[in-house]
Amino acid sequence: MSSLRLEACCKINLCLEVLGPRSDGYHDLTTVFQAVSLADEVSVETRDERGTTLDVVGGGAPPGRGNLCWQAAKAYRRERKWPEGAHIELVKRVPSGAGLGGGSSDAAAVLRALALMDPEPLRLADARRMAIELGSDVPFFLRGGTSIAYERGDDVRQLLDLAPCGIVLVKPDFEIATADAYGMLSEADFTDGFRTAEMATAIDDSQDIAAVSELVYSAFARPLTERWPVLGELKQRLLDAGALAAEVSGSGSALFGLFEQPKHAERAVTELARAGFWARAAEPAGMAGEPIERTE
Ligand code: C5P
């Protein structure tokens, strides 16, 4: 029996363009993903008894089979016929239904943990295939950092790391289901991916936060803000607090603000929290890191 504890960072979408619907019920998109330091903690322990068990500490994530972590462990055990059993402890800090990828990141952390403990580690291509089956964002979280993604969001290519900056995450008191947000898009929200390509070039050329901020965009901004005007108000609050750019993350309901100075981000969080919103100051995270703790 061995165990391993990993951080599971969340993400924002610095640019998210939806190209249009696909024949499989998904949408083609191009997006720049940025891993963010706010993280859940995932501990995985291999066991001799068959089965997968899961304890969730904090947050509103579902226990048992309904949790993507549980499904990730089951998929790994089925693929590799190893281990006999696994126990997962998930400490939730990233809110669910927020477009921050918390559940996807937790699932990717389970795959990474098991691959690190496996006497015959899974090949990267197999891990990627399993990740796609778990969710469109899961492949990004296998590596994290700064990336551009295509197709369902699962065809991921690494970019250079974004320059250090302050990131504010803020969430109103409701969640948005991803499928519902996609259902709110209309023809006019579909674009050609040019803006995302331009942002990827800006990041690889200079990693400069001011240049990147000018290209921040989300196809979901129009429909979500029309349906929930508070999202527009929160965007304005972030800009008033000095954000270079602010936008909804993924399919919402959280927004992010980019700040040149981390101390300005912290001040914005204090103001937003005082107004009653869930808000956190964070920073860009690099590629998925080493385990926090390991026991053989
Ligand atoms: O892949 P994931 O499970 O996160 O997707 C949840 C839902 O979001 C899908 O069932 C689909 O309705 C929508 N979606 C989409 N196009 C994508 C990703 C997600 O339409 N590229």
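A quick note: this is a predicted structure, and the numbers were derived from the prediction, not measured.

Draft legend 1. A look at the pattern of salt bridges. This model, assessed by the stated rule, comprises 19 salt bridges. With a shortest N-O distance of 3.2 Å, arginine 123 and aspartate 126 are connected by a salt bridge. Given the relative accessible area of 57%, arginine 123 is considered exposed. For lysine 171, the salt bridge goes to glutamate 175, with nearest N and O atoms at 3.0 Å. Through salt bridges with shared partners, a single network forms among Arg5, Glu41, Arg93 and Glu293.

Draft legend 2. Broad picture of the site of the ligand. What surrounds the ligand is the set Gly25, Tyr26, His27, Leu29, Gly135, Ser136, Arg152, Thr178, Ala179 and Tyr182. Note that a nitrogen atom of the ligand is positioned 3.0 Å from one of the backbone N or O atoms of arginine 152. Isolated, the ligand exposes 450 Å² of accessible area, and the fraction of that covered by the protein chains is 73%. Looking at the shell around the ligand element by element, the count peaks at three residues for helix H5 (residues 178-183).

Draft legend 3. A look at the domain arrangement of the chain. Looking at the assigned domains, one finds that the chain contains domain 1 (3-159) and domain 2 (166-282). Once you take the C-alpha centre of each, domain 1 and domain 2 turn out to be 22 Å apart. With 30 residues of domain 1 at the contact, the number on the domain 2 side is 38 residues. Carbon and sulfur atoms make up 69% of the surface buried where domain 1 meets domain 2, a total of about 2500 Å² over both sides. Where domain 1 touches domain 2, the interface holds zero salt bridges. Linking domain 1 with domain 2 are 16 residue pairs in polar contact (both at pLDDT 80 or more), by the criterion used here. Of all the secondary structure elements, the ones that give two or more residues to the side of domain 1 that touches domain 2 are strand E1 (3-21), strand E2 (27-47) and strand E5 (146-150). Top contributing element to the side of domain 1 that touches domain 2 by residue count: E1, with twelve residues. Here the side of domain 1 that touches domain 2 is built from residues that sort into 17 nonpolar, ten polar and three charged.

Parameters at a glance
Residues numbered from 1 in each chain as written. Predicted model: local features only at pLDDT ≥ 70, side-chain atom pairs only at ≥ 80, totals over all residues. Heavy atoms only, no water. Salt bridge = Lys/Arg side-chain N within 4 Å of Asp/Glu carboxyl O. Buried < 20%, exposed > 50% of the residue type's maximum accessible area, 1.4 Å probe, protein only. Near = heavy atom within 4 Å. Polar contact = N/O pair within 3.5 Å; in protein donor to acceptor, adjacent residues only side chain to side chain. Areas by Shrake-Rupley, 256 points an atom, 1.4 Å probe, with all protein chains shown as cover. Helix = DSSP H or I, 4+ residues; strand = E, 2+ residues; numbered from the N terminus. Domains from an automatic or database assignment. Contact = heavy atoms within 4.5 Å. Buried area = accessible area lost by both parts, 1.4 Å probe. Nonpolar A, V, L, I, M, F, W, Y, C, P; charged D, E, K, R; others polar.

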